[in-house]
Amino acid sequence: QVQLVESGGGLVQAGGSLRLSCAASGRTFSNYPMGWFRQAPGKEREFVAAINWNGGSTSYADSVKGRFTISRDNAKNTVYLQMNSLKPEDTAVYYCAADWGRNYRLDYAVKEGRQYEYWGQGTQVTVSS
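Residues numbered from 1 in each chain as written. Predicted model: local features only at pLDDT ≥ 70, side-chain atom pairs only at ≥ 80, totals over all residues. Heavy atoms only, no water.

Caption draft 1: Region of the structure containing the side chain of Arg72. Structurally, the position occupied by Arg72 is in strand 7 (residues 68-73). Although Arg72 is buried, it makes no salt bridge; Asp73 carries the closest opposite charge, 8.3 Å away. In this structure the side chain of Arg72 is engaged in a polar contact, spanning 2.9 Å, whose partner is the backbone oxygen of Asn52. Here the side chain of Arg72 touches Asn74 through a polar contact of 2.8 Å, side chain to side chain. (Helix = DSSP H or I, 4+ residues; strand = E, 2+ residues; numbered from the N terminus. Buried < 20%, exposed > 50% of the residue type's maximum accessible area, 1.4 Å probe, protein only. Lys, Arg positive; Asp, Glu negative; His and termini not counted. Salt bridge = Lys/Arg side-chain N within 4 Å of Asp/Glu carboxyl O. Polar contact = N/O pair within 3.5 Å; in protein donor to acceptor, adjacent residues only side chain to side chain.)

Caption draft 2: View of the environment of Glu89. Locating Glu89 in the fold gives a position in the loop between strand 8 (78-83) and strand 9 (92-98). Take Glu89: its relative accessible area is 57%, and that puts it in the exposed class. Spatially, the C-alpha atom of Glu89 lies 7.6 Å from that of Val127, the residues being 38 residues apart in sequence.

Caption draft 3: Main features of the environment of Gly56. Positionally, Gly56 belongs in the loop between strand 5 (46-51) and strand 6 (58-60). Considering only alpha carbons, one finds Gly56 and Tyr108, 52 residues apart in sequence, at a separation of 7.7 Å.

Caption draft 4: Quick peek at the state of the cysteines. Using the criterion set out here, one finds one disulfide in the structure. For Cys22, the disulfide goes to Cys96, at an S-S distance of 1.9 Å. Here Cys22 is found in strand 3 (residues 18-25), whereas its partner Cys96 is found in strand 9, with 74 residues between them in sequence. Of the residues examined, Cys96 reaches a relative accessible area of 0% and is grouped as buried. (Disulfide = S-S within 2.5 Å.)

Caption draft 5: Molecular detail of the nonpolar core. In this structure, Trp36, Leu81, Met83 and Tyr94 are the most contacted members of the largest nonpolar core, which totals 37 residues. Those elements giving two or more residues to this core turn out to be strand 3, strand 4 (34-39), strand 5, strand 7, strand 8, strand 9 and strand 11 (123-128). Residues contacting Leu81, with those up to four places away along its chain left out, are Leu18, Arg19, Leu20, Trp36, Val48, Ala49, Phe68, Thr69, Ile70 and Tyr94. (Core = buried A, V, L, I, M, F, W, Y, C linked by side-chain atoms within 4.5 Å. Contact = heavy atoms within 4.5 Å.)

Caption draft 6: The arrangement of unusual backbone geometry in detail. Of note in this structure, Asn77 is not a glycine but carries a positive phi near 55°. Locating Asn77 in the fold gives a position in the loop between strand 7 and strand 8. What makes Asn77 buried here is its relative accessible area of 12%. In the Ramachandran plot, Arg105 falls in the positive-phi region, its phi being about 45° despite a non-glycine side chain. Structurally, Arg105 can be placed in the loop between strand 9 and strand 10 (118-119).

Caption draft 7: Summary view of the pattern of salt bridges. Per the counting criterion, the structure on display carries four salt bridges. We note a salt bridge from Arg38 to Asp90, for which the minimum N-O separation is 3.0 Å. Pair noted here: Arg38 is in strand 4 and Asp90 is in the loop between strand 8 and strand 9, with a separation of 52 residues, a long-range link. For Asp90, a relative accessible area of 0% gives the class buried. Put simply, Asp62 and Lys65 hold a salt bridge, and the shortest N to O gap is 3.1 Å.

Structure below.
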């Protein structure tokens, strides 16, 4: 059974930092893109960051560029999201996503949610002002 399990969310003051982790099991995703998305209350899910299979290409939403960093450790089948200078508008449930089968060793990061086959259950991030 494939599982993506996020961790590292929580409550933080504006300007603070959090590091999210997403550990995958049941399949090896080292040859496929992975990404982070978020959904705030009353809003649609939106793209946050993505990384290609070997970490050579990353992509970010304009709203997080320069503050968030995505990385991966293929040996651990894990993707991370380092979030710095957090703002109240970053408050949302954060989901990691993994492709398996569509984009084998793609050179660039994938931003479209529909390209991802597997999703985690989400972790809440709340930023207080």
